[in-house]
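Descriptive analysis of the structure
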Amino acid sequence: MDRLKLKAVLGSHPHVQAVKSGALRSDLFDLDFIEYTPTNTAFKPMVREQAFDVCEMAIVTFLMAKAHGKPLVLLPAAMLGRFQHSYALYDPARGSFGPSDLEGKRVGIRSFTTTTGAWIRGILANDYGVNLDKIRWITFEDPHVAEYVDTTERAAKDKKILQMLLDGELDAVLGETSNDPKLKPLFPDPAAEAAKWYAHRGVVPVNHLVVVTEQLAKSRPDVVAGVYDLLKRNKEQVGLATAPDLVPFGIEANRKPLELIVDYAFQQALIPRRYAVEELFDETTRGLN
């Protein structure tokens, strides 16, 4: 059988470098990598047109794509995981406040449907008792899933999120980092907050996993399993020894983060119902560990 050539998009993570350089290869297929910077700019064409065979994808984008019947299949291969507490900023010069004080405030976020935003809003609602409906959300981009009706307030096209924060047009922003000394983390000690949150939840917040087209999954399940195997071998080769593992592989390793982000996405009306973890995969990917 001829070797398949697959169009692929993956970020520049240390644990995929050998796959991206061709140092690690499969006997079944070749991966033709297309660079997108930042990687999240590839999510929209993947959701809307299935523009690639294999693509890194934010988990909330995938959940919303699934809710709207997009022909994509998830692999239990995390590309990016991180604790989210440091991705929320405010300007203390305009008044000091913390995460529990956001009700009635103007909060900027690139798009309401970003995965980092969903994680932080879940933390605010479930750990700080914040009523998310009482926040005035200002967004800058459309959702990747066109069918989702975005009811947030849209910033003017020429506006930049961090500049709006510095100018006092926003009270806080989610999903951003900055070296500007004027801006401070909304969570006073993000590392300590993250450690406390992890001790309580036992969950690594995964942001990006990998999807393939349903067409590839149905026609060549062996190739899909091969893509997963290649990525897993690269991760093992790099020997990521962090505890907790920020890029878990396998259904069981990803079960708790997937259950929690499904819960948060449902609470925030990003998806119409809670999906069981097994529903997120197909016959082939459900067996990957």
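Scroll up to find the structure.
Computed from a predicted model, the values in this text were never measured in an experiment.

Applying the stated criterion to the full structure yields eight aromatic pairs. Plain terms: the ring middles of Tyr90 and Phe97 are 4.8 Å apart, the flat faces sit at 50° to each other, and that makes the pair tilted. Neither Tyr90 nor Phe97 differs from the other in exposure class; each is buried. The interplanar angle of 40° and the centroid separation of 5.6 Å between the aromatic rings of Tyr228 and Phe249 together place this pair among those described as tilted.

In this model helix α4 (residues 115-127) runs 18 Å from its N-terminal to its C-terminal C-alpha over 13 residues, within 8% of the 18 Å that 1.5 Å per residue would give. Most of α4 is tucked away, with ten of its 13 residues classed as buried. Residues of α4 that are buried: Thr115, Thr116, Gly117, Ala118, Trp119, Ile120, Arg121, Gly122, Ile123 and Leu124. Where α4 ends, the next residue or the one after it, Gly129, has phi of about 70°, a positive value.

We now examine the sheet that holds strand β11 (residues 206-213). Strand order in the open sheet formed by five strands is β2-β1-β3-β11-β4, and the pairing between neighbours is mixed. Two strands lie at the open edges of the sheet, namely β2 (29-33) and β4 (72-81), each paired on one side alone. Strand-to-strand twist in this sheet, taken as the mean axis angle between neighbours without regard to direction, amounts to 30°. In this sheet, β11 lies alongside β4 in antiparallel orientation, the contact comprising six bridges. Among the inter-strand pairings, Leu74 is bridged to a residue of β11, identified as Val211. Packed on one face of the sheet, helix α8 (residues 221-238) meets β1 (4-9), β2, β3 (54-58), β4 and β11 and runs near 5° to β4.

The rules behind the values
Residues numbered from 1 in each chain as written. Predicted model: local features only at pLDDT ≥ 70, side-chain atom pairs only at ≥ 80, totals over all residues. Heavy atoms only, no water. Phe/Tyr/Trp six-rings, centres within 6.5 Å; stacked < 30°, edge-to-face > 60°. Buried < 20%, exposed > 50% of the residue type's maximum accessible area, 1.4 Å probe, protein only. Helix = DSSP H or I, 4+ residues; strand = E, 2+ residues; numbered from the N terminus. Expected span 1.5 Å × (residues − 1). Pairing = 2+ DSSP bridges. Axes fitted to C-alpha atoms, helices over the stretch in contact; angles between N-to-C directions. Contact = heavy atoms within 4.5 Å.

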